[in-house]
Amino acid sequence: MNLTSKIYIAGHRGLVGSGIVRALREAGYQNLVMRTHQELDLTRQSEVEEFFENERPAGVIVAAAKVGGILANQSFPSEFLYENLMIASNVIHTAAKQKVEKLLFLGSSCIYPKFAPQPIQEKSLLTGPLEKTNEAYAISKIAGLKLTEYYNTQYGLKFISAMPSNLYGPGDNFHPDHSHVIPGLIRRFHEAKMNHSPVIKVWGTGKPLREFLYVDDLAAAVCFLFQNYEAPELINIGTGDEVTIAELALLIKQTVGYEGKIEFDEGFPDGTPRKVMDCTRIRGLGWGPRVDLHAGLKSTYEWVLRTGALK
Ligand code: GDP
């Protein structure tokens, strides 16, 4: 694989895919191939085969998936399982048939067992029951991870998988109710500042611990693994650092410049008390994150203001 090799990025419009495209371009890759959902429906095998036949990419990064918050996952499990299984099967299988030189498939930390020991190690996959609310998504992603692994072990293809932790950054979903905590709080602190509200409510007790990874760090890690990793074992991508939701809320308050008071609303659920990944393996390979939470929040908020993402 070199800088002129043709690389197909599936899902280039999402938070993850768009970050990966930026990182590949910065690294000097000149021959990136992308298709919108309208141009190529990855759930249709014949369309995927035709696309691969015409384009013949040397490398593939699979960042395409049907994603959503807890509500969407709970309401549409059939679609989450079916569409994600089809995307994974069609892209990975067609890439294997064409003997694509390198493929990277992305999972997500939420597909580890619900009660996996913390920090979560790669070997915890499939060792216990899944979180019920995103079972469908998890099963489809686990199938994709396993397919990637089997093509690697059975046929010697350089197909690899990575597991990113909770992501945030430019391009995130800032929906008022259905977003994750960082975009949700950026929206609420910003609106509270604009409306001069004296108090803002943060959901839960503020005590849960979470790990957050800035999207450009994830993208850099994906480039790094694409160039330097070939083993069939999946690999975690995270910071290994944790913050409480209360600490996070304070950082977002400072970033946004809100001057009112924070109150915790225990009427909302805390979710799992602690969620952090063990990133010993990727650090051992020589990769580490560069953007700390403070800087990442700052650039995310600047992006929000610049693009009007809250409107
Ligand atoms: P989780 O990591 O799967 O639990 O997903 P979330 O990002 O939705 O929530 C993380 C934690 O932040 C939970 O303890 C929430 O209760 C808490 N939290 C506090 N305020 C908010 C908010 O405005 N939106 C969301 N999504 N979570 C919030």
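Computed from a prediction, not measured in an experiment: that's the story for all the values here.

Caption draft 1: Region of the structure containing the side chain of T239. Among the secondary structure elements, T239 is positioned in the loop between β10 (235-237) and β11 (243-244). Relative accessible area serves as the criterion here: at 8%, T239 is assigned to the buried category. Residues in contact with T239, not counting those within four places in the same chain, are E211, F212, L213, C279, R283 and P289.

Caption draft 2: Quick peek at the packing of aromatic side chains. Per the counting criterion, the structure on display carries nine aromatic pairs. With a centroid separation of 5.6 Å and 65° between ring planes, the pair formed by F189 and Y258 is classed as edge-to-face. One end of the pair, F189, is in helix α6 (residues 181-194); the other, Y258, is in the loop between α8 (245-256) and β12 (261-265), and 69 residues separate them in sequence. Classification of F189 by relative accessible area gives buried; the value is 0%. Connected via pairs of aromatic rings, a cluster forms that spans Y8, F51 and F52.

Caption draft 3: Examining the environment of I111 more closely. Tracing the chain through its elements places I111 in the loop between β4 (102-106) and α5 (135-155). When neighbours within four sequence positions are excluded, I111 is seen to be in contact with L125, L130, Y137, A138, K141, I142, L145 and M163.

Rules behind the numbers
Residues numbered from 1 in each chain as written. Predicted model: local features only at pLDDT ≥ 70, side-chain atom pairs only at ≥ 80, totals over all residues. Heavy atoms only, no water. Helix = DSSP H or I, 4+ residues; strand = E, 2+ residues; numbered from the N terminus. Buried < 20%, exposed > 50% of the residue type's maximum accessible area, 1.4 Å probe, protein only. Contact = heavy atoms within 4.5 Å. Phe/Tyr/Trp six-rings, centres within 6.5 Å; stacked < 30°, edge-to-face > 60°.

Structural measurements only, silent on function.
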